[in-house]
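# Fold and contact review
Take a look at the letters that make up each chain.
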Amino acid sequence: MELAMRKALITGGTGFVAKHLSENLINKGYQVIGTTRTCCPDLYFMDNYELRTINYGDVNDWINLFNETVPDEIYHLAGQSSVRLSWDNKVDTFNANLINTINMLEAIKESEIRHKARILITGSSEEYGHVNEGEAISESTILQPLNPYGVSKAALCMLMKQYVKTYGLHIRYARPFNHIGPGQGLGFVTSDFAKQIVDIEKEKQPPYIKVGNLESKRDFTDVRDIVEAYHILVQCGIDGEVYNVCTGRAMSMQYLLDFFVQHCKHPEPIKVIRDELKMRPSDYPIYYGDNGKINELGWHPKIGLEQSLSDILDYWRSRA
Ligand code: GDD
């Protein structure tokens, strides 16, 4: 007798992380259903993959989706993921990250998958906000977010715990630190740097690169390791628990810039220009996590930073 394929539903299905997660799960033998608000022109077609449009603000739309597709696992990646944009679009950030998730959880509670589906909700290291400088951040570090994005995710985490305790939903919560990799959009540091380097190589931009704060240090994990962590959390995580997803190492933006500049194929030296528009109202100097809790479930990052940076550069070269 043939075993039924496991079904995974990924919200925010056309996003950077979702594309990597879809590929990862399909390779593991899953059937994957992605969701999106509007049908997109760059739809990618893969075997065992389906993309559905949904109004994230409509509980009935969610209920219909769950009852029709009956997923075994739900990876909730839909949301507003830019810290910088959250300063300008506070209400949109809260709608996308918090209100839409309430709609989704209410729908799960009312649908036939309530008792069986395992759910992953993704938060962010931005929830920790103000921390003691230089200390590795663990899951028990107090949450003191410093921007609207971080506040929206911290509220999401508290809400998640209530749905586990009050309604018995099977939710695990990932708190990823910075993730990078091929396919990430502009507005995040490695894509912003790499795209400019490739534009310089193609002579679409004079040999100067505009940058923001180069002194900050962050804990970068490759997206392909991140999605593996999400799968492990859904299989072996504990309901209501929070798990940092990170490498435990901080790297400076200057280091990333130096890597890209050294790998630029343009013959002239690259001038670095500090762009005030890229500076943040608040930006902490150093941030890295303690990944001991998720290590105990068997997850360890495998892709080194230089490999990620090199793949990001190749991604932008292939698009140019
Ligand atoms: N985006 C960007 N562009 N950031 C720059 C630039 C630039 O040209 N130059 C310097 N930076 C600095 C920022 O000031 C910040 O200190 C650091 O690079 C990282 O910025 P981002 O890549 O935009 O990431 P983030 O830390 O603000 O947020 C990311 O990580 C969070 C987890 O810690 C996002 O992926 C969030 O969604 C995620 O939750």
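Residues numbered from 1 in each chain as written. Predicted model: local features only at pLDDT ≥ 70, side-chain atom pairs only at ≥ 80, totals over all residues. Heavy atoms only, no water.

## A few points about the domain arrangement of the chain
Each domain of the chain was delimited in the assignment, giving domain 1 (7-180 + 220-248 + 289-302) and domain 2 (189-216 + 250-287 + 308-319). A combined buried area of about 1,400 Å² lies between domain 1 and domain 2, and 63% of that area is made up of carbon and sulfur atoms. Area buried by domain 1 at its contact with domain 2 is led by Trp87, Ile180 and Phe220, which between them contribute 36% of it. On inspection of domain 1 and its partner domain 2, the count reaches 1 salt bridge. (Domains from an automatic or database assignment. Buried area = accessible area lost by both parts, 1.4 Å probe. Salt bridge = Lys/Arg side-chain N within 4 Å of Asp/Glu carboxyl O.)

## Re the sheet that holds strand E4 (residues 73-76)
With parallel pairing, 7 strands are arranged side by side in an open sheet as E3-E2-E1-E4-E5-E6-E11. A strand with exactly one partner marks an edge of an open sheet, and here the two such strands are strand E3 (49-53) and strand E11 (242-245). Sheet twist, expressed as the average angle between the axes of neighbouring strands with direction ignored, equals 20°. Two elements, strand E5 (residues 118-122) and strand E6 (residues 170-176), share 5 bridges in a ladder whose sense is parallel. The residue of E6 that forms the bridge with Ile119 is Ile171. Of the strands in this sheet, strand E1 (7-11), strand E2 (31-36), E3 and E4 touch helix H1 (residues 16-27), which is tilted by about 175° from E1. Packing against the sheet, helix H5 (residues 148-167) makes contact with E5, E6 and E11, and its axis sits at approximately 160° to E6. (Pairing = 2+ DSSP bridges. Helix = DSSP H or I, 4+ residues; strand = E, 2+ residues; numbered from the N terminus. Axes fitted to C-alpha atoms, helices over the stretch in contact; angles between N-to-C directions. Contact = heavy atoms within 4.5 Å.)

## Concerning the site of the ligand
In the region of the ligand, 22 residues are neighbours, and Ser81, Ser124, Ser125, Arg280 and Asp283 sit closest. In this structure, Ser81 approaches the ligand through a main-chain N or O atom, which is 2.5 Å from an oxygen atom. Ser124 places a side-chain nitrogen or oxygen 2.5 Å from an oxygen atom of the ligand. Protein chains shield 96% of the accessible area of the ligand, which is 720 Å² for the free molecule. (Near = heavy atom within 4 Å. Polar contact = N/O pair within 3.5 Å; in protein donor to acceptor, adjacent residues only side chain to side chain. Areas by Shrake-Rupley, 256 points an atom, 1.4 Å probe, with all protein chains shown as cover.)

## Quick look at the state of the cysteines
A complete count under the given rule lists 0 disulfides for this structure. Here Cys246 stays unpaired: no disulfide links it, and the sulfur of Cys157, its closest cysteine neighbor, is 15 Å away. (Disulfide = S-S within 2.5 Å.)

## Regarding unusual backbone geometry
A negative phi angle characterises most non-glycine residues, just as the trans form characterises most peptide bonds. Although it is not a glycine, Val70 sits at a positive phi angle of roughly 45°. Along the polypeptide, Val70 turns up in the loop between helix H2 (59-69) and E4. Overall, the relative accessible area of 25% leaves Val70 in the partly exposed class. The phi torsion at Glu203 lies on the positive side, around 60°, for a residue other than glycine. Structurally, Glu203 can be placed in the loop between helix H6 (189-201) and strand E8 (208-211). On the basis of relative accessibility, which here comes to 63%, the residue Glu203 falls in the exposed class. (Buried < 20%, exposed > 50% of the residue type's maximum accessible area, 1.4 Å probe, protein only.)

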